Amino acid sequence: MIETIPLPATDYPPDAPFWSAALRSQLSIQQCEYCQRLRFPPRPMCPHCQSVEHAWVTLSGRAKVWSFTMPQPPLLPIFEKMLPYVVVLAEIVEDPNIRIIGNLVSETYESITNVDVTNLKIGADLRVRFRSCATDVALPCWILSEEL
Ligand SMILES: [Zn+2]
């Protein structure tokens, strides 16, 4: 039985810069150095032009709600203990084809439970935040933002 939240491996080469940036509260993704397109999740080769040359760019952290859900049981026990919470699929403003998943959190982003969802809707403005989940893991999460 899973007793703790499963955390990502943050030292795997294609992903490591993403997780390092997250520890600095920055949302950073790959940009192809040949065709300039952004790509996420991290991968060794551009899916558009097959170039292996890329740079890491820091995004604004602004996004819009593409979709969301409020998980319901049955869930793994560790997730059931955290109910109620909201999972958001966030469309980044720099490229609407790139979506990043994360919890919706309150403005203090200390908790994922009992977040005010009054203004939660498809297309609502979001800003990224980062929640520390271990000494080497900060997970991206989102707050509702009225000013984008
Ligand atoms: Zn490319």
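The shown structure was predicted, so the numbers you read here are calculated from the model rather than taken from an experiment.

**Q** Would you explain the nonpolar core in this entry?
**A** As a rule of thumb, nonpolar side chains are buried together in soluble globular proteins. Judged by nonpolar contacts, the single largest core of 26 residues is most densely connected at V88, A90, L126 and W142. For this core, the elements supplying multiple residues, two or more each, are helix 1 (16–23), strand 4 (62–69), strand 5 (87–92), strand 7 (125–134) and strand 8 (137–144). Lining this core are residues from two domains, each supplying at least three of them: domain 1 (11–58) and domain 2 (60–148). Not counting the four nearest positions on each side in its chain, L126 is found in contact with A63, K64, V65, V88, A90, W142, I143, L144 and S145.

**Q** I tried to follow the sheet that holds strand 1 (residues 28–32) on my own but got confused; where do I start?
**A** Within a sheet, adjacent strands bond to each other through the backbone by hydrogen bonds, running parallel or antiparallel. Taken in spatial order, the three strands make up an open sheet running 2-1-3, and their pairing is antiparallel. In this open sheet, the two edge strands, each paired with only one partner strand, are strand 2 (38–39) and strand 3 (54–58). Note: strand 1 against strand 2, two bridges, orientation antiparallel. Residue pairing for strand 2: Q30 is matched across the bridge by R39. Packed on one face of the sheet, helix 1 meets strand 1 and strand 3 and runs near 140° to strand 1.

**Q** Which parts of the structure should I look at to understand helix 1?
**A** Regarding helix 1, the residues found buried are F18, W19, A21 and A22. Buried residues of helix 1 fall within an arc of 160° about the axis and therefore sit on the same side. Buried-residue contacts for helix 1 involve strand 1, strand 3, strand 7 and strand 8. Note on helix 1: the residue one or two positions beyond its end, S25, has a positive phi of about 60°.

**Q** I'm lost on the sheet that holds strand 6 (residues 99–103) in this one. Help?
**A** Strand order in the open sheet made by the five strands is 6-5-4-7-8, with antiparallel pairing throughout. Each end of this open sheet is capped by a strand with a single partner; those strands are strand 6 and strand 8. Going across the sheet, the axis of each strand differs from the next one's by a mean of 45°, ignoring polarity.

Conventions and cut-offs
Residues numbered from 1 in each chain as written. Predicted model: local features only at pLDDT ≥ 70, side-chain atom pairs only at ≥ 80, totals over all residues. Core = buried A, V, L, I, M, F, W, Y, C linked by C-beta atoms within 7 Å. Buried ≥ 20, exposed ≤ 12 C-beta atoms within 10 Å, placed from the backbone. Helix = DSSP H or I, 4+ residues; strand = E, 2+ residues; numbered from the N terminus. Domains from an automatic or database assignment. Contact = placed C-beta atoms within 7 Å. Pairing = 2+ DSSP bridges. Axes fitted to C-alpha atoms, helices over the stretch in contact; angles between N-to-C directions. Arc of directions from axis to C-beta.

Shape descriptors only; they carry no functional weight alone.
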